[in-house]
Amino acid sequence: MADPWSSSGLDVHLDWQPSTGRRGLAAAIRAAIREGRWQPDAAVPSTRALAQDLGIARGTVTRVYADLAAEGYLRTAQGAPTRVATAGSLPQSAPRQAPRDPAPRWDLRPGRPDLTAFPRQAWLTATRRALLRTPAAAFGYESELGAPELRATLATYLARARGVVADPARIVVCHGYSHAIAVLSRALFGLGIGEVAFENPSFGLYRSIAAAQGPRVVGVPVDEHGLDVSALDSPAVVVTAAHQYPTGVTLAPHRRAALTRSGAIVLEDDYDGEFRFDRQQVGALQALAPERVVYAGTASKTLAPALRLAWLVLPRSLVEPVRAAMADSGSHPALLNQLALAELIDSGAYDQHVRRSRAEYRSRRTRLLAALPDSVRPQGISAGLHLLLMLPSDGPTETQALAACRRRAIGIEGIGGYWMDANRPGGLIVGYAAPAKHAFAGATQTLIEALHEITS
């Protein structure tokens, strides 16, 4: 149905039925953007005006706008109207729709832990304790920084497990890493930082999310020593220092030192720092320069992505700008999940789960490496939830490799979509953590069959 939004000063066609709720409203706005009815860089109605004209709560519109900004459809900036993202940064499809696709028979998609290993009983116990111990007043409107209980727990845990220099006042709890990178990019742009560098290769969705907040996104090459710091010429940069995603290399000590001296604000994405298998621990980069490095962590790899829990440890100068950006985003993780995670960590159950998962994933990586044909080259350190398999330059293409996997119902990704430029070598990113324990042997055997088909 067409709605004239007189109170917003705009006359826009939006096909939305109230019965579809918040999810339907988000889908209708996505469709309007994809179909060109909402033009790139055009201002959209304010949350107050849209809520008034549709007869719904303003908070509902705020959450929809925040979700769409995180997906790359909208661009927000403090003190300025929300706009449709520029044409070059618009996603080709809605990232949040991907989980609705049926799971492949053999799931080797990267970035996913074994969800069947989620510690249900320990989580239930932690949730019960949180409900019993938390005063009623805590369930009101919470701080933009997150639950004080979780922030205090994280400060202790991160110092112990990752060597992070932190105190609760410098920690903000976000609604997943996508939200974290969105609010940080928005805060930096508000401070006049108009360009953010990413590793090349890196995950394209996060680049789109950052660009949707205003900054220009550029690439910096990665080699066997990690990010090439000598090629960095941006005031801010996002790095996966402990375990580069997706190449799997570690930022070398001399480059860690050079990066912290570069003058750039660094976002350290420590997405799987708990999973180092060779006992050569690499501490957080943040400890070298706590006032220049923003540390980002998440429960998505250790527990489950659906918890939507991530955190930033901020330099003191960024606490207030990020708090303001959090308030503007209108999005916060569920309080009960925050309190349950704090209980899980404090009880020791979180460490026990991480140790069990680390042993299991180490075993899987070893078994996968032993089964690989000689024609593919595994790359990266002994760590994490994925393995990069580079294809021979004179052999099958990445497209052929992916096609062979699809014929066998294997869910897997190629590295091609991670590059920021063309004519790069192909490879497969194998998420060996994703299958259930009982399915790992079958998934591995099926992958090996596909590799033998294309390389023999």
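Rules behind the numbers
Residues numbered from 1 in each chain as written. Predicted model: local features only at pLDDT ≥ 70, side-chain atom pairs only at ≥ 80, totals over all residues. Heavy atoms only, no water. Helix = DSSP H or I, 4+ residues; strand = E, 2+ residues; numbered from the N terminus. Rg over C-alpha atoms; globule rule 2.2 N^0.38 Å. Buried < 20%, exposed > 50% of the residue type's maximum accessible area, 1.4 Å probe, protein only. Contact = heavy atoms within 4.5 Å. Areas by Shrake-Rupley, 256 points an atom, 1.4 Å probe, with all protein chains shown as cover. Lys, Arg positive; Asp, Glu negative; His and termini not counted. Charge placed at Lys NZ, Arg CZ, Asp CG, Glu CD. Pairing = 2+ DSSP bridges. Axes fitted to C-alpha atoms, helices over the stretch in contact; angles between N-to-C directions. Parallel < 35°, antiparallel > 145°, perpendicular 65-115°, else oblique. Nonpolar A, V, L, I, M, F, W, Y, C, P; charged D, E, K, R; others polar. Left-handed = near helix turned anticlockwise from the far one by under 90°. Core = buried A, V, L, I, M, F, W, Y, C linked by side-chain atoms within 4.5 Å. Expected span 1.5 Å × (residues − 1). Phe/Tyr/Trp six-rings, centres within 6.5 Å; stacked < 30°, edge-to-face > 60°. Right-handed = clockwise from strand over helix to strand, strands pointing away.

- As annotated in an unreviewed UniProt entry, the protein carries the name GntR family transcriptional regulator/MocR family aminotransferase and is attributed to Amycolatopsis lexingtonensis.

**Considering the overall build of the protein**
Moving on, step 1. Check the secondary structure of the protein and you find 13 helices and 18 strands.
Moving on, step 2. Computed over C-alpha atoms, the radius of gyration of the protein comes to 22 Å, within 12% of the 23 Å expected from 2.2 N^0.38 for 456 residues, which places it in the range of a compact globule.
Moving on, step 3. The burial tally for the protein puts 56% of its 456 residues in the buried class.
Moving on, step 4. In the protein, the share of contacts with a sequence separation of at least 24, taken over all contacts with a separation of at least 6, comes to 73%.
Moving on, step 5. On the protein, roughly 19,200 Å² of surface is accessible, and the fraction owed to carbon and sulfur atoms is 52%.
Moving on, step 6. Averaging the positions of the 49 positive and the 41 negative side-chain charges in the protein gives two centres separated by 5 Å.

**Here's the deal with the sheet that holds strand β18 (residues 427-430)**
Through backbone hydrogen bonds, the strands of a sheet pair up, either in parallel or in antiparallel fashion.
Moving on, step 1. With antiparallel pairing, 4 strands are arranged side by side in an open sheet as β14-β15-β18-β17. The open sheet has two free edges, formed respectively by β14 (377-379) and β17 (413-414), since each of these has just one partner strand.
Moving on, step 2. Pairing of strand β15 (residues 387-390) with β18 involves 4 bridges; the strand directions are antiparallel. Within β18, the residue paired with L387 across the bridge is V430.

**Describing the packing of helix α10 (residues 335-347) against helix α11 (residues 349-371)**
Moving on, step 1. Contact geometry of α10 with α11 gives a least axis separation of 4 Å together with a crossing angle of 80°. By the angle between their axes, α10 is roughly perpendicular relative to α11. Between α10, through L341, L344, I345 and S347, and α11, the contact on the second element is made entirely by A349, Y350 and D351.
Moving on, step 2. Split by residue class, the contact of α10 with α11 holds 5 nonpolar, 1 polar and 1 charged.

**Topic: the packing of α11 against helix α13 (residues 440-455)**
Moving on, step 1. At a minimum axis distance of 10 Å, the contact between α11 and α13 shows a crossing angle of 25°. Between α11 and α13, the interaxial angle falls into the category roughly parallel. When the axes of α11 and α13 are compared, the crossing they make is right-handed. The residues of α13 that touch α11, namely those facing R364, R367, L368 and A371, are F440, A441, T444, L447 and I448.
Moving on, step 2. Its residues placed into classes, the contact of α11 with α13 shows 6 nonpolar, 1 polar and 2 charged.

**Quick word on the sheet that holds strand β10 (residues 236-239)**
Moving on, step 1. Taken in spatial order, the 8 strands line up as β6-β13-β12-β11-β10-β7-β8-β9 in an open sheet, and their pairing is mixed. The open sheet has two free edges, formed respectively by β6 (171-174) and β9 (226-227), since each of these has just one partner strand.
Moving on, step 2. Here strand β12 (residues 293-298) runs beside strand β13 (residues 310-313); their pairing, made up of 4 bridges, is antiparallel. Counterpart to Y295 in the pairing with β13 is V313.

**Here we look at helix α2 (residues 47-54)**
Moving on, step 1. Along α2, the residues that are buried comprise T47, A49, L50, A51 and L54.
Moving on, step 2. G55 occupies a position one or two residues after α2 and carries a positive phi of about 75°.

**So, the nonpolar core**
Moving on, step 1. By size, the foremost hydrophobic cluster in this structure holds 61 residues, and its most contacted members are L303, L341, L447 and L451.
Moving on, step 2. Setting aside its immediate chain neighbours within four residues, L303 contacts P113, L115, F118, P119, W123, L341, L344, Y350 and H353.
Moving on, step 3. Counting residues in hydrophobic clusters, the runner-up holds 31 residues, among them I181, A182, L267 and A310.

**Quick word on the side chain of R255**
Moving on, step 1. Looking at where R255 falls in the secondary structure, it is placed in helix α8 (residues 253-260).
Moving on, step 2. Ignoring any residue separated from it by four or fewer positions in sequence, one finds R255 in contact with D223, H225, G226, L227, D228 and V229.

**Focus: helix α6 (residues 177-190)**
Moving on, step 1. Compared with an ideal rise of 1.5 Å per residue, which puts 14 residues at 20 Å, α6 spans 20 Å between its outermost C-alpha atoms and is within 8% of the ideal.
Moving on, step 2. Regarding α6, the residues found buried are Y177, S178, H179, A180, I181, A182, V183, L184, S185, R186, A187 and L188.
Moving on, step 3. Once α6 finishes, G192 follows within two positions and takes phi at roughly 95°, a positive value.

**Here we look at the packing of aromatic side chains**
Moving on, step 1. Counted according to the given criterion, the structure contains 8 aromatic pairs.
Moving on, step 2. Taking the centre distance of 5.4 Å and the plane angle of 70° together, the rings of F275 and Y361 count as edge-to-face. Highlighted residues: F275 in the loop between β11 (265-269) and β12 and Y361 in helix α11, separated in sequence by 86 residues. Exposure class is identical for F275 and Y361. Each is buried.
Moving on, step 3. Ring pairs connect the aromatic residues Y177, F203, Y206, Y245, Y271 and Y418, which therefore count as one cluster.

**A word on the pairing of strand β7 (residues 195-200)**
Moving on, step 1. Extensive coverage of β7 is indicated by the burial of 6 of its 6 residues.
Moving on, step 2. Where β7 meets strand β8 (residues 216-223), 6 bridges bridge the pair, whose relative direction is parallel. Bridging from a neighbouring strand, F198 pairs with G219 of β8.
Moving on, step 3. Tracing the backbone out of β7, into helix α7 (residues 204-212) and back to the parallel element β8 gives a crossover that is right-handed.
Moving on, step 4. By the bridge criterion, 2 bridges tie β7 to β10 in an arrangement that is parallel. Note that in β10 the partner of A197 across the bridge is V237.

**Focus on the environment of A334**
Moving on, step 1. Mapping A334 onto the fold places it in the loop between α9 (316-329) and α10.
Moving on, step 2. Given the relative accessible area of 43%, A334 is considered partly exposed.
Moving on, step 3. Considering only alpha carbons, one finds A334 and R308, 26 residues apart in sequence, at a separation of 8.4 Å.

**Quick word on unusual backbone geometry**
Moving on, step 1. With an omega dihedral of 20°, the bond running from N200 to P201 counts as a cis peptide bond.
Moving on, step 2. One non-glycine residue, D41, lies in positive phi territory at about 75°.
Moving on, step 3. Tracing the backbone through its elements, the reader meets D41 in the loop between α1 (21-34) and α2.
Moving on, step 4. Phi at A409 takes a positive value of approximately 60°, unusual for a residue other than glycine.

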